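Here's the letter readout for the chains.
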Amino acid sequence: MNIVEQRIDELVSMRQRLSETQIEDGKWDWFLNREIIELEQKKNARLAGRTLGLRTRLKSLVLLILSPSARESKGEGA
């Protein structure tokens, strides 16, 4: 079992244990569900032979912000 599968199993286990004591109203498990989905997408992409960097929304946003300034510093800006 690789690291991604281990992490998915850990998150699923956490969600199951918490569901025994918490009301299932979507207020406490949304983060776990999102992480599980993102990890499963990464796992499926690797299985399909594609390379998919698992980027968080924050990392994607930072890259979008930094990209124009990096192009300007190289003289490639508009």
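Quick look at the structure, then.

Calculation notes
Residues numbered from 1 in each chain as written. Predicted model: local features only at pLDDT ≥ 70, side-chain atom pairs only at ≥ 80, totals over all residues. Heavy atoms only, no water. Helix = DSSP H or I, 4+ residues; strand = E, 2+ residues; numbered from the N terminus. Buried < 20%, exposed > 50% of the residue type's maximum accessible area, 1.4 Å probe, protein only. Salt bridge = Lys/Arg side-chain N within 4 Å of Asp/Glu carboxyl O. Expected span 1.5 Å × (residues − 1). Arc of directions from axis to C-beta. Contact = heavy atoms within 4.5 Å. Axes fitted to C-alpha atoms, helices over the stretch in contact; angles between N-to-C directions. Parallel < 35°, antiparallel > 145°, perpendicular 65-115°, else oblique. Left-handed = near helix turned anticlockwise from the far one by under 90°. Nonpolar A, V, L, I, M, F, W, Y, C, P; charged D, E, K, R; others polar.

## Digging into the environment of Asn 33
Relative to the helices and strands, Asn 33 is located in helix H2 (residues 30–47). For Asn 33, a relative accessible area of 23% translates into the label partly exposed. Asn 33 sits 18 residues away from Arg 15 along the chain, and the two C-alpha atoms are 8.3 Å apart.

## A short note on the pattern of salt bridges
Evaluation of the coordinates by the stated rule reveals three salt bridges. A salt bridge links Lys 43 to Glu 5; the shortest N-O distance between them is 4.0 Å. Note that Lys 43 is positioned in helix H2 and Glu 5 in helix H1 (residues 3–19), a separation of 38 residues in sequence. A salt bridge links Arg 34 to Glu 35; its shortest N-O distance comes to 3.8 Å. Arg 34 gets classed as partly exposed once you look at its relative accessible area, which sits at 30%.

## Examining H2
Within an α-helix, residues lying three or four positions from one another point in the same direction, as the helix has 3.6 residues per turn. With 18 residues, H2 ought to run about 26 Å at 1.5 Å a step, and its terminal C-alpha atoms sit 26 Å apart, in line with that. Looking only at H2, the buried set comprises Leu 32, Ile 36, Glu 38, Leu 39, Lys 42 and Ala 45.

## Observations regarding H1
Counted at 1.5 Å a residue, the expected span for H1 with its 17 residues is 24 Å, and the 24 Å between its end C-alpha atoms agrees. Where H1 is concerned, the buried positions are Val 4, Ile 8 and Leu 11. Projected down its long axis, H1 carries its buried residues within an arc of 65 degrees, all on one side. Within H1, the exposed residues directed more than 90 degrees away from the buried face are Ile 3 and Arg 17. For H1, the secondary structure elements touched by its buried residues are H2.

## Focus: the packing of H1 against H2
At a minimum axis distance of 10 Å, the contact between H1 and H2 shows a crossing angle of 155 degrees. Here H1 is positioned roughly antiparallel relative to H2, judged by the angle of their axes. By crossing handedness, the relation of H1 to H2 is classed as left-handed. On H2, the residues that touch Val 4, Glu 5, Arg 7, Ile 8, Leu 11, Val 12, Met 14, Arg 15 and Leu 18 of H1 are Leu 32, Asn 33, Glu 35, Ile 36, Leu 39, Glu 40, Lys 42, Lys 43 and Arg 46. Residue composition of the contact of H1 with H2, grouped by class: nine nonpolar, one polar and eight charged.

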